[in-house]
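# Structural overview
Residue strings, one per chain:
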Number of protein chains: 2
Amino acid sequence: MPELIILKLGGSVITKKSEEKAEVNEENLKRLVREIAEARRENNFRLMVVHGAGPFGHVPAKKYGLDRGLRDDTQLEGFSATHQSMERLNFSVVDFLRKEGINAIAYQPSTLGILKDKGLIYFPTEVLEKLLDMNMVPVAYGDVLVDEKTGINILSGDHLVPYLARKLKADRVVIATDVHGIFNLDPKKYKDAELIKEITSENVKLIREIGTSKRTDVTGGMERKLNELLNLAKYGIESEIISALKPGILKRALLGEKGLGTLIKK
Amino acid sequence: MPELIILKLGGSVITKKSEEKAEVNEENLKRLVREIAEARRENNFRLMVVHGAGPFGHVPAKKYGLDRGLRDDTQLEGFSATHQSMERLNFSVVDFLRKEGINAIAYQPSTLGILKDKGLIYFPTEVLEKLLDMNMVPVAYGDVLVDEKTGINILSGDHLVPYLARKLKADRVVIATDVHGIFNLDPKKYKDAELIKEITSENVKLIREIGTSKRTDVTGGMERKLNELLNLAKYGIESEIISALKPGILKRALLGEKGLGTLIKK
């Protein structure tokens, strides 16, 4: 069976940052799907894509307070609105992939997943495995899900990716973001900030100490994401956080090159 | 728990008949969602909608021969294309429902169902039941599914409806079509054709004998649909085939009125 890669496309990469209008970043998306298509022509691998939300998800989810769970029934309108908005983004991503000759298919998480206090506790993958085996490219996304504790809640793409990687026994995870990787200091504040090439459960303590001493969140809001990827690494599945903004990087990462960003390993 | 109704919206009702262009029949759809919204305001019931395909599904499915199963890999492009086209129709149906204030949410069958030689053998409904209980209106549709025997195949809405009705223990099924119901003779050929008010496993034999003697398919291509609904009636779940083209009928049917078309009962 060919290698299985799970690719996360960051919401900030494939959408335009705006509070008023949810728009696809067509320029980025076009280039990224071309890189994916080129990599798939050069190498035979199974691929699952999970994309983020950007304003398509964040704006309506915030408006209806979906991250606080279901407190009153007006939020059901928000459930409906937020999912529909994410479906619109997903439709575009699938369309762009299809235009590059990739047999992509939407993969709606809210149809089948159940959260408990924001963590996935149920997500059957029988069909997903069959789709991947027949070389289809399922395209999932951050979504609003039923939550056993809070009624409904947000499933982020960053939570879905490591969950699926472990369940599907993926060979590798690639996280395409709007940064080069994880730095030892916040690169926006410190000129001497350096990209960390590798993070393991060992060196992460040291990295955190440096950050704490300089009173900065070194992981740049990536704390939860990093913890989930470190946990995934324990099971032998490596992931690399790379820049999706620099042309060519995604393709090289999909083809197996390492050291392009920050590698998270055991 | 309020009554659960499963409503089938026929593809021929919500789309325009065309081989070239797949278009929503906005006039019909607008009226039908208004009738649904009015009925829901007058009465409290849980609702699941399943809609057909019209040219959105039939044209690409036929082009790629999807009903013959997976014979070569070019059909995977057809899988991708047909699902994407159905998703476009589904997005519109959900949008129209949302405009009438209904908390509708897309419900993608191909994410979770598995066929075996065109018959559903697996379709987990854990999430679906929770969505219905919180009074969301899931909107499923005819789709392309993984098939354990033939690779992929078509799941028709007419097959999904009785399957779900039985699994979810629905109280009633309403089938909104472009005909008034089932006639004793083909109404297009015979002027004396009469609408059959009730079909049971008993009188269906007589109806078929009349049809056979006049060399006509009395069920007007509804044979498989009728058989599935008769089977459903055995489990105590009645369904009624009604006209979605005559204004007001759908609303009355949702509100519990019987005898509007053809009732299929035990």
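All of the points below concern the structure found in this document. Source: prediction; values computed, not measured. (Residues numbered from 1 in each chain as written. Chains lettered and ligands numbered in written order. Predicted model: local features only at pLDDT ≥ 70, side-chain atom pairs only at ≥ 80, totals over all residues. Heavy atoms only, no water.)

### So, the overall build of chain A
Defined as follows: Think of it this way: any DSSP run of H or I at least four residues long counts as a helix, any run of E at least two long counts as a strand, and we number them from the N terminus. For the radius of gyration, the atoms used are the C-alpha atoms, and the globule rule reads 2.2 Å times the number of residues raised to 0.38. For every residue, the accessible area obtained with a 1.4 Å probe (protein chains only) is divided by the maximum for its type, and the residue is called buried under 20%, exposed over 50%, and partly exposed between those limits. Note on contacts: a residue pair qualifies if any of its non-hydrogen atoms lie within 4.5 Å across the two residues. Only the protein chains shown count as cover for residues, with accessible areas throughout obtained via the Shrake-Rupley method and a probe of 1.4 Å. In summary, the charge assignment counts Lys and Arg as positive and Asp and Glu as negative, without counting His or the chain termini. In plain terms, the charge of a residue is placed at NZ if it is Lys, CZ if Arg, CG if Asp and CD if Glu.
Along its length, chain A carries nine helices and twelve strands. Compactness check: chain A gives a C-alpha radius of gyration of 18 Å against a globular reference of 18 Å for 266 residues, within 12% of the reference. In terms of its C-alpha atoms, chain A occupies a principal-axis envelope of roughly 50 × 45 × 35 Å. The burial tally for chain A puts 60% of its 266 residues in the buried class. Contacts in chain A between residues far apart in sequence, at least 24 positions, make up 75% of those at least 6 positions apart. Counting only carbon and sulfur atoms, one obtains 48% of the accessible surface of chain A, whose full area is about 11500 Å². Across chain A, the 42 positively charged side chains and the 38 negatively charged ones have centroids separated by 2 Å.

### Here's the deal with the pattern of salt bridges
Residues and elements named next belong to chain B. Operational definition: The salt bridge criterion pairs a side-chain nitrogen of Lys or Arg with a carboxyl oxygen of Asp or Glu, the two atoms within 4 Å.
The final tally for this structure, using the stated rule, is 28 salt bridges over all chains. In this structure, the salt-bridge partner of R34 is E100, at a minimum N-O distance of 3.9 Å. With R34 in helix α2 (residues 26-42) and E100 in the loop between α4 (74-99) and β3 (104-106), this residue pair connects regions lying 66 residues apart in the sequence. Take R34: its relative accessible area is 38%, and that puts it in the partly exposed class. By relative accessible area, which is 24% here, E100 ends up partly exposed.

### Some remarks on the sheet that holds strand β5 (residues 119-122) of chain B
Residue and element names in this part refer to chain B. For the record, the criterion: A pair of strands is treated as paired once DSSP finds two or more bridges between them. Here an axis means a line fitted to C-alpha atoms, over the contact stretch when the element is a helix, while the angle between two N-to-C directions is reported on a 0 to 180 degree scale.
With mixed pairing, the four strands of this open sheet are ordered in space as β5-β4-β7-β8. Each end of this open sheet is capped by a strand with a single partner; those strands are β5 and β8 (151-155). Across the sheet, the axes of successive neighbouring strands diverge by a mean angle of 55°, strand direction being ignored. Note that strand β4 (residues 114-116) and strand β7 (residues 143-147) share two bridges and pair parallel. Note on β7: the bridge partner recorded for L115 is D147. Sheet strands in contact with helix α6 (residues 157-167) are β5 and β8, and its direction is about 45° off that of β5.

### As for the sheet that holds strand β1 (residues 4-9) of chain B
Residue and element names in this part refer to chain B. Read across the sheet, eight strands follow the order β3-β6-β2-β1-β9-β11-β12-β10 without closing on themselves; strand pairing throughout is mixed. Strand pairing shows two members of the sheet lacking a second neighbour, β3 and β10 (198-199), which therefore form its edges. The pairing of β1 with strand β2 (residues 46-51) spans six bridges and is parallel. What sits directly across from I5, in β2, is L47. Across the face of the sheet, α4 comes into contact with β2, β3 and β6 (137-141) while running at roughly 150° to β6.

### Re the environment of E126(A)
Secondary-structure assignment places E126(A) in helix α5 (residues 126-133). On the accessibility criterion, E126(A) (39% relative accessible area) is partly exposed. Placed 42 residues apart in sequence, E126(A) and L168(A) show a C-alpha to C-alpha distance of 9.9 Å. If we ignore the near neighbours within four places in the chain, the residues touching E126(A) are I114(B) and Y122(B).

### Let's talk about the relation of the copies chain B and chain A
Worth spelling out the cut-off: Superposing the copies works by least squares over the C-alpha atoms of residues that have pLDDT at least 70 in both of them.
With an RMSD of 0.0 Å, the operation that places chain B on chain A is a rotation of 180° combined with a shift of 0.0 Å along the axis. The relationship between the two copies is best expressed as a two-fold rotation axis. Interface overlap between copies: 100% of the residues of chain B at the interface are likewise at the interface in chain A, consistent with a symmetric, same-surface contact.

### Comments concerning the interface of chain B and chain A
Rule in force here: Buried surface area refers to the total accessible area, computed with a probe of radius 1.4 Å, that the two partners give up upon joining, counted for both partners together.
Listed per partner, the contact involves 38 residues of chain B and 38 residues of chain A. Taken together, the two surfaces of chain B and chain A that pack against each other cover about 3400 Å², and 66% of this comes from carbon and sulfur. Remark: the boundary between chain B and chain A carries two salt bridges. The closest approach of N and O atoms between E148(B) and K130(A), which form a salt bridge, is 3.9 Å.

### Looking at the nonpolar core
What counts is decided by this rule: The nonpolar core is taken to be a set of buried Ala, Val, Leu, Ile, Met, Phe, Trp, Tyr and Cys residues, with the residues joined through side-chain atoms within 4.5 Å.
If you look at the biggest cluster of nonpolar residues, it comprises 102 residues, and the most contacted ones within it are I6(A), M48(A), I199(A), I6(B), M48(B) and I199(B). Among all residues touching M48(B), those that are not within four sequence positions of it are I5(B), I6(B), L7(B), Y107(B), L128(B), L132(B), P138(B), A140(B) and L164(B).

### Notes on α6(B)
Note: α-helices contain 3.6 residues per turn, so residues at a spacing of three or four share the same orientation. Taken residue by residue, α6(B) has G157(B), H159(B), L160(B), V161(B), P162(B), L164(B) and A165(B) as its buried positions. Trailing α6(B) by a residue or two, K169(B) shows a phi angle of about 50°, which is positive.

### Side note on the side chain of S110(B)
Quick reminder of the rule: Throughout this description, a polar contact denotes any pair of N or O atoms lying within 3.5 Å of each other; where both atoms belong to protein, one of them has to be capable of donating a hydrogen while the other can accept it, and for residues adjacent in sequence the pair is counted only when both atoms sit in side chains.
Inspection of the secondary structure assignment puts S110(B) in the loop between β3 and β4. Look at S110(B) and you get buried, because its relative accessible area is 2%. Side-chain polar atoms of S110(B) contact the side chain of H83(B), separated by 3.3 Å. What S110(B) contacts, discounting residues up to four positions off in sequence, is I105(A), V127(A), H83(B), D143(B), V144(B) and L145(B).

### Re the packing of aromatic side chains
The way to describe two aromatic rings as a pair is by their centre distance and the angle between their planes. All names here are of chain A. Rule in force here: In this analysis, rings of Phe, Tyr and Trp, with Trp reduced to its six-membered ring, are considered paired at centre separations within 6.5 Å, and the interplanar angle assigns stacked below 30 degrees, edge-to-face beyond 60, and tilted for intermediate values. In our convention, an over-ring charge means Lys NZ or Arg CZ found within 6 Å of a ring centre and within 35 degrees of that ring's normal.
Throughout the structure, instances matching the rule amount to four aromatic pairs over all chains. Judged by centre distance (6.4 Å) and plane angle (50°), the ring pair of Y107 and F123 falls under tilted. Note that Y107 is positioned in the loop between β3 (104-106) and β4 (114-116) and F123 in the loop between β5 (119-122) and α5, a separation of 16 residues in sequence. Classification of Y107 by relative accessible area gives buried; the value is 0%. Taken together, the ring pairs in this structure connect Y107, F123 and Y163 into an aromatic cluster. Lying over the aromatic face of F96, K99 brings its terminal NZ or CZ to 4.9 Å of the ring centre.

### A closer look at helix α8 (residues 223-234) of chain B
Our working rule: Expected helix span is computed as 1.5 Å times (number of residues minus one).
With twelve residues, α8(B) ought to run about 16 Å at 1.5 Å a step, and its terminal C-alpha atoms sit 17 Å apart, in line with that. Those residues of α8(B) that sit buried are K225(B), L226(B), E228(B), L229(B), L230(B), L232(B) and A233(B).

### Concerning the packing of helix α6 (residues 157-167) of chain A against helix α8 (residues 223-234) of chain A
Residue and element names in this part refer to chain A. Where we set the bar: Any angle between 65 and 115 degrees counts as roughly perpendicular, while under 35 counts as roughly parallel, over 145 as roughly antiparallel, and the rest as oblique. Residue classes follow a fixed rule: Ala, Val, Leu, Ile, Met, Phe, Trp, Tyr, Cys and Pro count as nonpolar, while Asp, Glu, Lys and Arg count as charged, and any other residue, Gly among them, counts as polar.
Relative to each other, α6 and α8 sit at 5°, their axes nearing to 9 Å. In this view, α6 runs roughly parallel relative to α8, as classed from their interaxial angle. Two secondary-structure elements touch here, α6 through D158, H159, P162, A165 and R166 and α8 through R224, K225, E228 and L232. By residue class, the composition of the contact of α6 with α8 is three nonpolar, one polar and five charged.

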